[in-house]
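For reference, the chains in residue letters:
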Amino acid sequence: MTDTLQFFIDQQAVPFQPGQTLMQAAQAAGLYIPHLCFHDGLTPHGSCRVCIVEINGSIRAACTTPATANLQVHSETSALRTQRRQLIELLFAEGNHLCPSCEVSGNCQLQALAYDLGMTHYEFVPLDPHRQNDGSHPDLFIEQDRCIFCELCTRSAQQQDHKNVFGIGGRGADTYLFAQADSSRLADTAITAQDHAAHICPVGCILPKQGSYQIPIGQRVYDEQPIHLRGNHRPDEQDATP
Amino acid sequence: MSETRVVIDPVSRVEGHGKVTLLVNDAGIVTQARLHIVEFRGFEKFIQGRPYWELPMVVQRLCGICPVSHHLVAAKAIDQIVGVTALSAPALKLRRLMHFAQVLQSHALHFFHLASPDLLFGFQSPVEQRNIVAVIKQQPQIAIKGVKIRKFGQQILEAISGKRIHGMAAIPGGMNAPLTPEKIQPFKQDVQQIIDWCEETVKLSRQLTDQNRDFHLQFGLIESPFMGLVGKNGELELYDGNLRVIDARGNILQDQFPCDQYPQLIQEQVKSWSYMKFPFLTQLGSEQGWYRVGPLARINLCDFIPTPRAEQARQQFRQYAGAPAHSPLLFHWARMIEALHCAEAIADLLADPDLLSTDLQRSGIKQKEGIGVIEAPRGTLFHHYQIDAEDRVTMANLIVSTTSNNQAMNDTIRKVAQQHLDGQTLTPELLNLVEVAIRAYDPCLSCATHAVGKMPLQLLLQTESGNSLDQLTRHTDGHISR
Ligand code: SF4
Ligand code: SF4
Ligand code: FES
């Protein structure tokens, strides 16, 4: 029996299995590193950069960095918190987020991170996009301007549902989510409301057409606990892994 | 004498200020008053393309003053879109309770905070005296009751919707959660006290009117038809019902007019100088057809109030003020009769076990159009939506009560200016009286949410051809500059 492998996050020892990323090991140990595009069970994507940590003076994404023994990882430093907050602010500025009337308010991971990181406003110039929403599917609605391009849906559809449903097109300010069909309409893809991909969006972009606003204020995912205690969850998630 | 129409760019107004232009003719008579309103612009466009079920939430942002009314009326429209013609009894009762609580707290805020200083100390008294702090000093018991009545309403809203403002309760076809015995209990304890205080306030409104009877009844006096909802038997109805219209003499012009046919009943006129439209009754035409909505309209046009103490108050009001009553300042008294009704209706509902039921949602066959009408605190409120095959909003038409009262407010201000403008110089006194006139209608304008004597207001005096004669501005801190 070899010694347990471990590394350190902010001086706290974190055990890990070979092959695990920093994020996976931290999550297994019950330590929260802020994240948006990571989901246990899907290949890491490393795109949102919210999970940045500092190792030997360089900045790395915890969701794509393999754990190695005795690594000293810094996560909750004020500099990293500020950078994470600015990333969240950018996401708000790039989309169209009016939380008070949004149906995932209180259940939204972007909003929860914004609160947790102390975001009160943002100073980036809002892009104020007005893309056309896709309501073609009988059970699902796509609110384009809230997409943060985390590609959880793309990966979930491919890896869990074994379907090609979503894709991300364009670049920079013109990035957009599209449905993988000749018509570009969600109705013409194979997605169903029961698919994993229909239940993974961390924000209010892929919406069910039934059952919105059903959870009263006070009982929503982040009403009682902030995201660093509660973890990344949706009220309807199919697997309870944080 | 030809009236030259000058387009005054409403954007040039001081931010958050109300702006009023008075036009005088060569003989020095005020021929027109124009209240410039920039609120509500762009919203109908903004919600195009949005999923329809979001509307009850998103419209709450339309107006910071009566978000609950917008929430409920949009929900009524969306009920139709999801094909629900009748809510479950528990859902309907919860919605009504919410609505009564909203009207009660709104009326209490307006009367005690925004109007009572004027009413108590007289309109001509110094501004320092006409504020809520002065009321608290001189009439502590009144001020405290006002605060408590309002809080009672707000707490009911919070219990039902999770928040005092911008809560979440009504969903397509119903409500999202019932009340619990623990939540209801404190309200049951307090409601009789609230009813008593509301009744005292009705009496106070009468006394205050009586103290200065001529001024009250003559101030800005204009006559107009009235419009509002009534129940099946002609009773006062704030949540449901059909439309009734009476003319200035009190004759019924329309009765039990179906809400979803409102486009036949009223049309809207656009004027070059205003962002806000001018609705009028089709049958009377654009010149004669403007009308008033709100507490005075509702008290004037209903046959009775279905709760006993408010009904008694209504009868006394009619004896005193005539039927229909036209003086704008009587809105205040009428408002408190309605507050009393709301308190009584809340007491009845609180005793109803249906509030605990979880039978809260119905469904039906999807429709492409929904029209919701409700009596908001300030008057009849219309929300009309159409959606496409992808559940996106394609058309929204909202007529808010302040829009319905648009012409009436202009005319009331004109009348006040005719009564009180002396020569070609604007005075702080006139500015105050214009404020009193605007406030009588309790408009949902941001300038009107400031305390008495603090309404940021710009008054312009112009010739009919647009030459400026004088100008007076009161700023948010209350100081006045020329
Ligand atoms: S998706 Fe999240 S962040 Fe965006 S508006 Fe909705 S609640 Fe707010
Ligand atoms: S739709 Fe949701 S899950 Fe998919 S990329 Fe956009 S934000 Fe991520
Ligand atoms: S969670 Fe690591 S980059 Fe998004």
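You'll find the structure just up there.
Caption draft 1: Main features of unusual backbone geometry. Here the residue pair A323 of chain B and P324 of chain B is connected by a cis peptide bond, since its omega of -5° sits within 30 degrees of zero. Examined against the element boundaries, P324 of chain B turns out to sit in the loop between α12 (308–321) and α13 (330–350). Even without being glycine, F149 of chain A reaches a positive phi, approximately 60°. Within the secondary structure layout, F149 of chain A lies in the loop between β6 (140–142) and α4 (152–160). Looking at F149 of chain A, the relative accessible area reads 18%, which means it is buried.

Caption draft 2: Representation of the site of ligand 2. Near ligand 2, the surroundings consist of 13 residues, among which C147, C150, E151, C153 and C201 of chain A are the closest. Taken together, the residues of the shell around ligand 2 break down into 12 nonpolar, no polar and 1 charged.

Caption draft 3: Fine view of the site of ligand 1. Around ligand 1, the neighbouring residues are F92, H97, L98, C99, C102, V104, S105, C108, L110, R146, V203 and G204 of chain A. Looking at the shell around ligand 1 residue by residue, the class counts come to 8 nonpolar, 3 polar and 1 charged.

Caption draft 4: Layout of the nonpolar core. In this structure, I88 and F166 of chain A together with L22, I346 and Y385 of chain B are the most contacted members of the largest nonpolar core, which totals 179 residues. Among the elements that line this core, the one with the most residues is α13 of chain B, at 15 residues. With sequence-adjacent residues up to four places away left out, L22 of chain B is seen in contact with V30, Q32, A33, I413, A417, L426, L430, L459, L460, L461 and Q462 of chain B.

Caption draft 5: Spotlight on the side chain of S404 of chain B. Residue and element names in this part refer to chain B. Tracing the sequence through the fold places S404 in helix α14 (residues 401–404). Judged by relative accessible area, which is 1%, S404 ranks as buried. In this structure S404 touches P279, Y291, V293 and I399, once residues within four positions along its chain are discounted.

Caption draft 6: Spatial organisation of the packing of aromatic side chains. Residues and elements named next belong to chain B. In this structure the tally under the stated criterion is 10 aromatic pairs over all chains. Taken together, a centroid distance of 5.2 Å and an interplanar angle of 85° make the contact between Y52 and W53 edge-to-face. In terms of burial, Y52 and W53 fall into one category: buried. Ring geometry for F317 versus W333: centroids 4.9 Å apart, planes at 90°, classification edge-to-face. Of this pair, F317 sits in helix α12 while W333 sits in helix α13, and the two are 16 residues apart along the sequence. Residue F317 shares its accessibility class with W333, and that shared class is buried. Here K76 stacks its cationic end above the ring of Y239, 4.6 Å away from the centre of that ring. Sitting over the face of the ring of Y320, R213 holds its NZ or CZ atom 4.4 Å from the ring centroid.

Caption draft 7: Region of interest: the packing of helix α6 (residues 140–161) of chain B against helix α7 (residues 181–211) of chain B. Residues and elements named next belong to chain B. Following both chains from N to C, one finds α6 and α7 inclined at 140°, their axes separated by 10 Å at the closest point. By the angle between their axes, α6 is oblique relative to α7. In this structure, α6 meets α7 at a crossing whose hand is left-handed. Here α6 contributes I142, K145, K148, I149, F152, Q155, I156 and A159 to the contact with α7, which in turn contributes K183, F187, D190, V191, I194, W197, C198, E200 and L204. Tallied by class, the residues present in the contact of α6 with α7 amount to 11 nonpolar, 1 polar and 5 charged.

Caption draft 8: Up close: the interface of chain B and chain A. The interface of chain B with chain A comprises 21 residues on the first partner and 22 residues on the second. In terms of surface lost to chain A, no three residues of chain B exceed W53, M168 and E390 of chain B, which account for 34% of the buried area on that side. Seen at the junction of chain B and chain A, the total is 4 salt bridges. Here E143 of chain A and R50 of chain B are joined by a salt bridge, their closest N and O atoms 2.4 Å apart. Inspection of the chain B/chain A interface yields 12 residue pairs in polar contact (both at pLDDT 80 or more). Of the residues belonging to the side of chain B that touches chain A, the class tally is 8 nonpolar, 6 polar and 7 charged.

Caption draft 9: Main features of the pairing of strand β9 (residues 278–281) of chain B. Residues and elements named next belong to chain B. In β9, alternate side chains face the same way, and those of F278 and F280 on one face and P279 and L281 on the other are all buried. Bridging between strand β8 (residues 266–269) and β9 involves 4 bridges; their strand directions are antiparallel. Of the residues in β9, the one forming a bridge with E268 is P279.

Caption draft 10: Molecular detail of the pattern of salt bridges. With the rule as written, the count across this model stands at 35 salt bridges over all chains. Residue R474 of chain B pairs with E435 of chain B through a salt bridge whose shortest N-O separation is 2.1 Å. Pair noted here: R474 of chain B is in strand β14 (residues 468–474) and E435 of chain B is in helix α16 (residues 428–440), with a separation of 39 residues, a long-range link. Of the two residues, R474 of chain B and E435 of chain B, both sit in the buried class. Sharing partners across several salt bridges, the network here consists of R185 and D188 of chain A together with D388, E390 and R392 of chain B.

The rules behind these values
Residues numbered from 1 in each chain as written. Chains lettered and ligands numbered in written order. Predicted model: local features only at pLDDT ≥ 70, side-chain atom pairs only at ≥ 80, totals over all residues. Heavy atoms only, no water. Helix = DSSP H or I, 4+ residues; strand = E, 2+ residues; numbered from the N terminus. Buried < 20%, exposed > 50% of the residue type's maximum accessible area, 1.4 Å probe, protein only. Near = heavy atom within 4 Å. Nonpolar A, V, L, I, M, F, W, Y, C, P; charged D, E, K, R; others polar. Core = buried A, V, L, I, M, F, W, Y, C linked by side-chain atoms within 4.5 Å. Contact = heavy atoms within 4.5 Å. Phe/Tyr/Trp six-rings, centres within 6.5 Å; stacked < 30°, edge-to-face > 60°. Lys NZ or Arg CZ within 6 Å of the ring centre and 35° of its normal. Axes fitted to C-alpha atoms, helices over the stretch in contact; angles between N-to-C directions. Parallel < 35°, antiparallel > 145°, perpendicular 65-115°, else oblique. Left-handed = near helix turned anticlockwise from the far one by under 90°. Buried area = accessible area lost by both parts, 1.4 Å probe. Salt bridge = Lys/Arg side-chain N within 4 Å of Asp/Glu carboxyl O. Polar contact = N/O pair within 3.5 Å; in protein donor to acceptor, adjacent residues only side chain to side chain. Pairing = 2+ DSSP bridges.

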